[in-house]
Amino acid sequence: MKLQQAFDERRRTFEGALLSTFVFNSDYFEGTLLPMLRRKSTKGDTVVFLDAGSYRETVSDEGLSPEQAGQVYYLAPVRVPQRRFHAKVFFFGGEERAIGFVGSANLTEAAFDHNQEIISKFDIANESDLRSTPEVQALNGIRRFYSDLIDHTTAEAIGKTAREQATRVLEATEWLTDTNTDIPDREQADEVVDVLHNLEQPLLDQVQRRIETRGERIQRVGIVAPFYGTGMAVPETVTEDNISTRVWLQHGSTQINSDTLQEWASQQEAAEIVVFDQDRYVHGKLIVLQSDTATYCLAGSAKASRSALLDSAGTATEGHGNVEVAVLRRTPKQDNYEYLFDNFTNHQLAGGLEEFTPQSTPDYQPPEPPEQETIGLQSIDFTRSEVFEGGRLHGHIQITDSVTNDDNLEIDVCPTTTTESFSFTFTGSELSPVTDSGTDLYTFSRRVSDSTRLAALSKPSQVVPKWNTEPGLERWLAIESRDVDRAAEAAAEGDGVDSVWRSVQDIFLGGDQQRTDQLEFLGTLATQLDQQTAQQGSHDQDKSTDSEADDENDGLSEGITLPSYAGSTNSRDPESQLSAYYEMWTDQLRQLNHELHSDDTATEHVIELAGQRLAAVNRTNAWLEITRNELQAQNKSLDSFPHELPRKYTKTLYSRTEPGFGDENGSLVAQFLRQATTLPNTEQVHAFLLENIAANVLFGALIADTLMTTEHNEFATYYGSDFENLIHKCLPNQQPLTNVSEQRINTLAESMWKQFGDLPETFQTASLTRRPPREFRKQRHARRYIMQFLHE
């Protein structure tokens, strides 16, 4: 199977992707691999860690310049002192699943479509009975590599946004660490899989230590690699202990020093050379080590050179190795990995070393990154908000000179889609030193509100720093939405039913920044909902002609088209914003009423959606009333408080008689129940009505009784009979409220508590001087309220 097929076999299950490469082909990546990644990732967090020389090439060579870097995905340069970042690790992580690839393949067309590469793949789902398996061990090792990498000195210039994106993917896969990977005697288990890296310790040292821990001694070694460096350091290290060592060389393709090879072969009795010849270039790297009781296989990015296997990457002052990653497997089967050599054996040249010719022209390698002298732009990010404040340009820069107030830092921004560039200038006084960095590192930041610059900064751009007119190396601008955009995108999947109410406390009881943030969140959510509606319409149009679109719309609606948000997306007035969400949910309830008898929708699903909308209004009502009481307790102004929203929508949902419905209760819930009780399969329908509708009717009654009215008599006068009638309609056979069974009361109590969401926990942690009624804080008190309501 081609690597490209394995790379693309799963879709839409991941938070994002972390990829490592030495050589980077931007045309192939953006044209072929990136669409696959977009299909895999629900959030779109894709970070490509690459050698600083490869990164430099993308910003300096117009022929290799990517078109989507910094916007659709992020390039993160890794600068290894005196050496190269050579790891090839692909990690797809999410809450439900993790997949990892470790091997020899770069992000190039040659690697994915033509070369012979050696790749180890690991795939596991997050399930309740997840145990410590080789897949879990390996994926934890991949996760540790990326966690160690972003904290390592070699990755200090990967950039703020790329680091945050990578952290999100790692956080989404924390469930991997919950498995028992450190089981007793794991080091003595027969079958072991480890993912090793050399950020701090050489790879071959780690392999030897694991073998020695078991009391085993290696007897035979086989090596396949396209590169050996300038000498024979790795084979010589093995044969020093008189271990039989077989080296496989591809005729015309293996890069090795012929003189050193001849000398090693002639002086070492334990040395053996096998030459093979085949059409496909063998780029895979493999070492198989056999003892008298087991076989070990080390496969990954490490070539057979000192810098790959015998040195660590270390720090700027320690270690002189590349950054490498490999998978070490152990099995008691002596011939377990012989199949890896079968293809080479079939193409073996009988003449051996006499027929071998090394590769005369070395493989392409990215240029060495130039040494930075005075300034080094470590990160440059534009954080945008498409709703209110515009955006902010911010970055980190390393300056070896002393900084004075008269110095100037100029940041030239050059969008790739236009020849027009522009600049930002910072004086020395506007630079802030990073005190805990241990280097001459400074931060800079500038708010951007100009519409022309905002438009340009929202597109892929190169950035060139100049320190007192002296230019530094270019970087790609990293463009990232504010966290509020990401939160709003997630909330939009459920039309804000489980998120809008959370804004109420900060809007009315928080500080200025909290108020601004929450209003911005509501506005951004509105924008997301508008975009979602447009995308849904486009999808519905394409559905009839696209036979592969069956898994593209698995959200809550499942074919039910609900009314969308119809308010202002940029209002700073909380009442207008909240009112628009109330209107959206009530309009959706009206639509769901019509859907009950539709042949295209499941009745239970319609009832569930209706319950979610009722819960959204109830939760928002609860917080508004508790906030109003809190403002009164703190003697704060209530001038801008939306007093009427809870009362207005309580009447609309539960008690208002609408035109055309006569004297009978014509509220939205009454209309919904009237339709629902005429449906077939009444037993199952009633079960859903109790859990989703009756529980929310009781929830609404609790809010009206304990928060909206000053005493119980007032509640009974204005709302009581309406709520009783609604609950009565939810009960099978219209049984009297006084005859409701203990079992049904328990069911209602559990369902009602479920509708609270995490309101009780939020109340416990909120900074309130006046506590909410106890019915909102403990389930047993909510149950007592239900019993009192039904039996009084």
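1. What to know about the packing of aromatic side chains
So, point 1. What the rule picks out here adds up to 29 aromatic pairs.
So, point 2. Centroid distance tyrosine 565 to tyrosine 581: 4.7 Å. Interplanar angle 50 degrees. Geometry classified as tilted. One end of the pair, tyrosine 565, is in the loop between helix 15 (512–543) and helix 16 (574–595); the other, tyrosine 581, is in helix 16, and 16 residues separate them in sequence. There is no split in this pair, since tyrosine 565 and tyrosine 581 are both buried.
So, point 3. Ring geometry for phenylalanine 715 against phenylalanine 723: centres 6.0 Å apart, planes inclined by 25 degrees, an arrangement best described as stacked.
So, point 4. Phenylalanine 715 gets classed as buried once you look at its relative accessible area, which sits at 2%.
So, point 5. Positioned above the aromatic ring of phenylalanine 227, the side-chain terminus of lysine 303 is 5.6 Å from the ring centre.
So, point 6. Stacked on the ring of phenylalanine 426, the Lys or Arg arginine 446 has its end atom at 4.3 Å from the ring centre.

2. Describing the confidence of the model for the protein
So, point 1. In this model, the protein carries an average pLDDT of 85, and 88% of its residues clear a pLDDT of 70 or more.
So, point 2. Here residues 543–557 is modelled with pLDDT under 50, and outside its nearest four sequence neighbours on either side it reaches 11 contacts, counting other chains as well.

3. Focus: helix 18 (residues 644–655)
So, point 1. Listing the buried residues of helix 18 in full gives Leu645, Pro646, Tyr649, Thr650, Thr652, Leu653, Tyr654 and Ser655.
So, point 2. Buried residues in helix 18 make contact with helix 16, helix 17 (603–633), helix 19 (668–676), helix 20 (682–708) and helix 21 (712–730).

4. Notes on unusual backbone geometry
Where the residue is not glycine, phi is negative for most of them; where a peptide bond is considered, it is trans in most cases.
So, point 1. One non-glycine residue, asparagine 242, lies in the positive phi region at around 60 degrees.
So, point 2. Backbone geometry at asparagine 468 places phi at a positive 50 degrees, although glycine is not the residue there.
So, point 3. Note on placement: asparagine 468 falls in the loop between strand 20 (461–467) and strand 21 (470–471).
So, point 4. On the basis of relative accessibility, which here comes to 35%, the residue asparagine 468 falls in the partly exposed class.

5. Some words on the nonpolar core
So, point 1. Counting 90 residues, the largest nonpolar core has Tyr581 and Ile693 as the members making the most contacts within it.
So, point 2. The dominant element in this core, judged by the number of residues it contributes, is helix 20, at 15 residues.
So, point 3. Core analysis: the second largest hydrophobic core is formed by 39 residues, Val89, Phe91, Ala98 and Leu176 among them.

6. Regarding the packing of helix 18 against helix 21
So, point 1. Where helix 18 meets helix 21, the closest approach of the two axes is 10 Å, and the angle between their N-to-C directions is 40 degrees. Looking at the two axes, helix 18 sits oblique to helix 21. The residues of helix 21 that touch helix 18, namely those facing Arg647, Thr650, Lys651, Tyr654 and Ser655, are Tyr719, Asp722, Phe723 and Leu726.
So, point 2. For the contact of helix 18 with helix 21, the per-class residue count stands at four nonpolar, two polar and three charged.

7. Looking at the side chain of glutamine 588
So, point 1. In this structure, glutamine 588 sits in helix 16.
So, point 2. By relative accessible area, glutamine 588 is classed as buried at 0%.
So, point 3. A polar side-chain atom of glutamine 588 sits 2.7 Å from a polar atom in the side chain of arginine 613.

8. Here we look at the sheet that holds strand 13 (residues 325–331)
So, point 1. Pairing in this open sheet of seven strands is mixed, and the strands run 7-13-12-11-8-9-10 from one edge to the other. The two strands at the open ends of the sheet, each matched to only one other strand, are strand 7 (192–197) and strand 10 (271–276). Within the sheet, the average angular offset between the axes of one strand and its neighbour, ignoring direction, is 15 degrees.
So, point 2. Sheet topology places strand 8 (residues 218–224) next to strand 11 (residues 286–291); six bridges connect them, and they run antiparallel.

9. Some remarks on a positive patch on the surface
So, point 1. Residues Arg774, Lys778, Arg780 and Arg784 make up a contiguous surface patch of positive charge.
So, point 2. For lysine 778, the position within the fold is in the loop between helix 23 (759–765) and helix 24 (779–791).

10. Considering the pattern of salt bridges
So, point 1. Overall, the coordinates contain 20 salt bridges when judged by the stated rule.
So, point 2. Salt-bridge contacts for aspartate 51 lead to arginine 84; the nearest nitrogen and oxygen are separated by 2.7 Å. Of this pair, aspartate 51 sits in strand 2 (residues 41–51) while arginine 84 sits in the loop between strand 3 (74–78) and strand 4 (89–93), and the two are 33 residues apart along the sequence.
So, point 3. When its relative accessible area of 2% is taken as the criterion, aspartate 51 is described as buried.

11. Brief notes about the environment of glutamate 15
So, point 1. When you line up the elements, glutamate 15 lands in strand 1 (residues 14–21).
So, point 2. We classify glutamate 15 as buried; its relative accessible area is 14%.
So, point 3. Linking glutamate 15 and glycine 94, residues 79 residues apart in sequence, is a C-alpha distance of 4.6 Å.

The rules behind the values
- The numbering scheme is per chain: residues are counted from 1 as the chain's sequence reads.
- Confidence filtering applies because this is a predicted model: local features only for residues at pLDDT of at least 70, side-chain atom pairs given and counted only at 80 or more, and all residues used for totals across whole chains, interfaces and linings.
- The basis for every side-chain value is the complete set of non-hydrogen atoms in the structure, without hydrogens or water.
- Within 6.5 Å between ring centres, the rings of Phe, Tyr and Trp (the latter by its six-membered ring) count as paired, and their orientation is classed by plane angle as stacked under 30 degrees, edge-to-face over 60, tilted in between.
- For the purposes of this entry, the term helix denotes a DSSP run of H or I that reaches at least four residues, the term strand denotes a run of E that reaches at least two, and both are numbered from the N terminus.
- Throughout, exposure labels follow a simple rule: accessible area from a 1.4 Å probe, protein chains only, divided by the maximum for the residue type, with under 20% read as buried, over 50% as exposed, and the rest as partly exposed.
- Lysine NZ or arginine CZ positioned within 6 Å of the ring centre and within 35 degrees of the ring normal marks a charge as sitting over the ring.
- Residue-level confidence of the predictor, termed pLDDT, takes values from 0 up to 100.
- For this analysis, residues touch if any pair of their heavy atoms sits within 4.5 Å.
- Take the buried Ala, Val, Leu, Ile, Met, Phe, Trp, Tyr and Cys residues and link them wherever side-chain atoms come within 4.5 Å; each set so joined is a nonpolar core.
- Only the stretch in contact is used when a helix axis is fitted, and all axes are lines through C-alpha atoms; the angle between N-to-C directions ranges over 0 to 180 degrees.
- For classification, angles of less than 35 degrees are called roughly parallel, those exceeding 145 degrees roughly antiparallel, those between 65 and 115 degrees roughly perpendicular, and all remaining angles oblique.
- When residues are grouped by polarity, Ala, Val, Leu, Ile, Met, Phe, Trp, Tyr, Cys and Pro land in nonpolar, Asp, Glu, Lys and Arg in charged, and all others, Gly among them, in polar.
- A 3.5 Å cut-off defines polar contacts: any pair of N or O atoms within that distance qualifies, except that in protein one atom must be a possible hydrogen donor and the other a possible acceptor, and neighbouring residues in sequence count only when both atoms are side-chain atoms.
- DSSP-based pairing: two strands are paired if at least 2 bridges between them are found.
- Grouping into patches uses exposed residues only, defined as over 30% relative accessible area, and leaves out salt-bridged ones; the cut-off is 9 Å for like charges and 5 Å for nonpolar side chains (Val, Leu, Ile, Met, Phe, Trp, Tyr).
- Only the protein chains shown count as cover for residues, and the accessible areas themselves come from Shrake-Rupley with a 1.4 Å probe.
- Within this document, salt bridges are pairs made up of a side-chain nitrogen of Lys or Arg and a carboxyl oxygen of Asp or Glu, the two lying within 4 Å of each other.
- Charge counting follows a simple rule: Lys and Arg are positive, Asp and Glu are negative, and His as well as the terminal groups are ignored.
- All charge positions are set by atom: Lys at NZ, Arg at CZ, Asp at CG, Glu at CD.

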